[in-house]
Amino acid sequence: AAAVAITRVVGRRRPQLRPWLAVVTVAGLTGRVVTGQHDPAEIPRFLEAFAASRPELIVGRRDFGAMPPVRRLSNNIGGLIFSAAVGRNVPDNQSGYRLIGRRLMHALLESDEHGFEFEVEMIARCIALGLPIGWVPIRTIYAGEPSHIRPWQHFTSFLRVSRDARRIVRGGGS
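The residue count restarts for each chain, going from 1 along the sequence in the order it is written. Where local features are concerned, this predicted model is filtered to residues with pLDDT of at least 70; where side-chain atom pairs are given and counted, the filter is 80 or more; whole-chain, interface and lining totals use all residues. Computation of side-chain values: all heavy atoms of the structure, hydrogens and water removed.

Visitor: Give me the lowdown on the side chain of Asn-93, citing residues and values where you can.
Guide: Relative to the helices and strands, Asn-93 is located in the loop between α3 (69-86) and β4 (98-101). For this analysis, a polar contact is any N or O atom pair within 3.5 Å, provided that within protein one partner can donate a hydrogen and the other can accept it, and provided that sequence-adjacent residues contribute only side-chain to side-chain pairs. Side chain to side chain, Asn-93 and Gln-94 meet in a polar contact 2.7 Å long. Discounting chain neighbours no more than four positions away, the residues touching Asn-93 are Gly-78, Gly-79, Phe-82, Arg-98, Glu-119, Val-120, Ile-123 and Phe-158. In DSSP terms, a helix is any run of H or I states spanning at least four residues, a strand is any run of E spanning at least two, and both are numbered starting from the N terminus. Should any heavy atoms of two residues lie within 4.5 Å, those residues are considered in contact.

Take a look at the structure:
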């Protein structure tokens, strides 16, 4: 039986993950369920996808067409940039609704990234380690909350993490 934990995994050096490595027997589930951005009723989709093929990372794939225009644009452009950087199609690199396996979780313990940068690094590390990635469709939920994105700062940070992701995938990242 899989023990599943639901939490938001962001922050520096995530010491809160260390206990998971002993407690979570198959995989951990992370996402912004508690903030209302992701629907907890969709958790079974992740578990079914995991049971079917055991990918080390399963990312919730949102419908960009259901997003506000600015977010749609940034997700589409960011997806093209990131996919080019890692050399494969990544349908949604910003979704925080994820199921993360133990091997990947362990590989991420020493990451210095946080926020969306951590979510991007997670995918790059998974690819670099040759671990399988799966995608499940999820609802795109925006309840009119304001965006905390600062366009120029976000764009330059995303270019940096995409460059870093390219280096990680090519074997040059630590």
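So that's the structure; there's more coming.
Visitor: Help me get a handle on the packing of α3 against helix α6 (residues 151-169), residues and values and all.
Guide: Note on geometry: axes are lines fitted to C-alpha atoms, helical ones only across the stretch in contact, with angles between N-to-C directions running from 0 to 180 degrees. Viewed as axis vectors pointing N to C, α3 and α6 meet at an angle of 20 degrees, and their least axial separation amounts to 8 Å. Considered as vectors, α3 and α6 are oriented roughly parallel to each other. Handedness of the α3/α6 crossing: right-handed. Residues Gly-78, Ile-81, Phe-82, Ala-84, Ala-85 and Val-86 of α3 form the contact with α6, whose own contacting residues are Phe-155, Phe-158, Leu-159, Ser-162, Ala-165, Arg-166 and Val-169. Lys, Arg, Asp and Glu make up the charged group, whereas Ala, Val, Leu, Ile, Met, Phe, Trp, Tyr, Cys and Pro make up the nonpolar group; the residues left over, Gly among them, are polar. Here the contact of α3 with α6 is composed, by residue class, of 10 nonpolar, 2 polar and 1 charged. Throughout this description, any angle smaller than 35 degrees is read as roughly parallel, any larger than 145 degrees as roughly antiparallel, any in the 65 to 115 degree range as roughly perpendicular, and the remainder as oblique. Left-handed describes a crossing whose near helix is turned anticlockwise from the far helix through less than a right angle; right-handed describes the clockwise counterpart.

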